[in-house]
Amino acid sequence: MEAIALDRGDIRWVFPEADQGQLAAFRPLLAEADARVRRLAARLGAGPDATADEHGRRTGGGLWFRRVEGIHLAGVFALVGTPALNWTLGLYVPRRCLWDITPGPPWEVHAEVLAGCDRDDCRGDHSEEMDGWVHESPSDAVTGLLEAADWLLARQADGAGARVAAHRDQPNS
């Protein structure tokens, strides 16, 4: 799996049927979503030069494409990680099975604030998520990605990270 920076990728990997007008309209929206992810990273203390590795594990580097070798379809993702939390954002085609390479529609947008838990009495991860935003048009999907980036910024501003971490730290939560 490849992680490719937004400025080195091609939005046609996500929307192969988009026309030139749509592609031109998507660029500023994607750039704004990228800027909002970088703003979130700065608020959380991630360095401005952070980037995603091939697994998308590094943090703060804005939006990037994730592509699977041999499949010409991709998704757009972001990850901002702190020692306690991961803040994730994604726009992708939901897959019904591993070999499904349908290019969309639909497209799904997902955002999440996630605290992992490794305690023995823990029942898994703890999160706040904005999920299930399914879009039938590329324009709606890109606009949804921008809205999801706003959702993450709002969660950071309203203390979601502290709530998620506190839930994780409660016994038997």
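Remember, it's a predicted structure, so these values are computed and weren't measured experimentally. (Residues numbered from 1 in each chain as written. Predicted model: local features only at pLDDT ≥ 70, side-chain atom pairs only at ≥ 80, totals over all residues. Heavy atoms only, no water.)

## Remarks on the overall build of the chain
Quick note on the threshold: Secondary structure elements are taken from DSSP: a helix is a run of H or I of four residues or more, a strand is a run of E of two residues or more, and numbering for both begins at the N terminus. Each residue is assigned to one of three classes by its accessible area relative to the maximum for its type, calculated with a 1.4 Å probe on protein chains only: buried under 20%, partly exposed between the two thresholds, exposed over 50%. Residues count as neighbours in contact if any of their non-hydrogen atoms are within 4.5 Å of one another. Here the accessible surface of atoms and residues is derived via Shrake-Rupley with a 1.4 Å probe, and residues count as covered only by protein chains that are part of the display.
What the chain contains, in helices and strands, is 3 helices and 6 strands. Helices and strands in the chain line up, N terminus first, as β-α-β-β-β-β-β-α-α. The buried share of the chain, taken over its 173 residues, is 42%. In the chain, the proportion of contacts linking residues at least 24 apart, taken out of those at least 6 apart, comes to 58%. Total accessible area on the chain stands at roughly 9,100 Å², and carbon and sulfur atoms take up 51% of it.

## So, unusual backbone geometry
Of note, the bond from G104 into P105 is cis; its omega dihedral lies within 30 degrees of zero at 10 degrees. Inspection of the secondary structure puts P105 in the loop between β4 (86–92) and β5 (107–115). In this structure, the amide linkage connecting P105 to the following residue, P106, adopts the cis form with an omega of 0 degrees. As for its position among the elements, P106 is in the loop between β4 and β5.

## Details of the side chain of D34
Going by this rule: Throughout this description, a polar contact denotes any pair of N or O atoms lying within 3.5 Å of each other; where both atoms belong to protein, one of them has to be capable of donating a hydrogen while the other can accept it, and for residues adjacent in sequence the pair is counted only when both atoms sit in side chains.
As for its position among the elements, D34 is in helix α1 (residues 20–43). In this structure the side chain of D34 is engaged in a polar contact, spanning 2.9 Å, whose partner is the side chain of R38. When sequence neighbours within four positions are dropped, the list of residues in contact with D34 reads L6, G61, G62 and L63.

## Observations regarding the pairing of β5
Note the threshold: For two strands to pair, DSSP has to find at least two bridges joining them.
A large share of β5 lies buried, amounting to 8 of its 9 residues. Relative to β5, β4 is paired through 7 bridges, and the arrangement is antiparallel. Bridging across to β5, N86 finds its partner in L114.

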